[in-house]
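Listed below, chain by chain, are the residues.
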Amino acid sequence: MKDPCAHCEEMMQPYMDHVLTDAELHEAEAHLAECEGCRRRYKFEESLRVYVRKAADEQMPAELRQKLAALRIPLD
Ligand SMILES: [Zn+2]
């Protein structure tokens, strides 16, 4: 049996891209509802995405882009 948190993490990017099937989406949401660690991780990833998208619109300097990339470390 796979670690549910690892599985949730795999689904996180497609989840945010809205490309999951209904079954996968349900699975991801069920896990997020019961797992605080993944919920925090998801919120972090989501806020990072919003920020990166916004910053990209504003022509983010390469240096800042690298700093943001460095932030994408595992939270556990
Ligand atoms: Zn989890």
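Notes on the structure follow. (Residues numbered from 1 in each chain as written. Predicted model: local features only at pLDDT ≥ 70, side-chain atom pairs only at ≥ 80, totals over all residues.)

### Some thoughts on the overall build of the protein
Line of reasoning, step 1. A tally of helices and strands in the protein yields four helices and zero strands.
Line of reasoning, step 2. Put simply, the protein runs from its N terminus to its C terminus through helices and strands in the order α-α-α-α.
Line of reasoning, step 3. The dimensions of the protein, computed from C-alpha atoms along their principal axes, are 40 × 25 × 20 Å.
Line of reasoning, step 4. Looking at the 76 residues of the protein, the share that counts as buried comes to 9%. (Helix = DSSP H or I, 4+ residues; strand = E, 2+ residues; numbered from the N terminus. Buried ≥ 20, exposed ≤ 12 C-beta atoms within 10 Å, placed from the backbone.)

### Let's talk about the packing of helix 1 (residues 4-16) against helix 3 (residues 36-57)
Line of reasoning, step 1. It is the contact of helix 1 with helix 3, at a shortest axis distance of 11 Å, that shows an interaxial angle of 25°. Viewed along their axes, helix 1 and helix 3 adopt a mutual orientation that is roughly parallel. Handedness of the crossing formed by helix 1 with helix 3: right-handed. Listed contacts from helix 3 to Cys-5, Cys-8, Met-12 and Met-16 of helix 1 are Gly-37, Cys-38, Tyr-42, Glu-45, Glu-46 and Arg-49.
Line of reasoning, step 2. Considered class by class, the residues forming the contact of helix 1 with helix 3 number six nonpolar, one polar and three charged. (Axes fitted to C-alpha atoms, helices over the stretch in contact; angles between N-to-C directions. Parallel < 35°, antiparallel > 145°, perpendicular 65-115°, else oblique. Left-handed = near helix turned anticlockwise from the far one by under 90°. Contact = placed C-beta atoms within 7 Å. Nonpolar A, V, L, I, M, F, W, Y, C, P; charged D, E, K, R; others polar.)

### Looking at the packing of helix 1 against helix 2 (residues 22-34)
Line of reasoning, step 1. Their axes nearest at 10 Å, the elements helix 1 and helix 2 cross at an angle of 120°. Considered as vectors, helix 1 and helix 2 are oriented oblique to each other. In this structure, helix 1 meets helix 2 at a crossing whose hand is left-handed. Contact residues: helix 1 offers Pro-4, Cys-8, Met-11 and Tyr-15, while helix 2 offers Glu-24, Ala-28 and His-31.
Line of reasoning, step 2. Of the residues that constitute the contact of helix 1 with helix 2, the class distribution is five nonpolar, one polar and one charged.

### Digging into the environment of Ser-47
Line of reasoning, step 1. When you line up the elements, Ser-47 lands in helix 3.
Line of reasoning, step 2. Along the sequence, Ser-47 and Met-11 sit 36 residues apart, while their C-alpha atoms lie 17 Å from each other.

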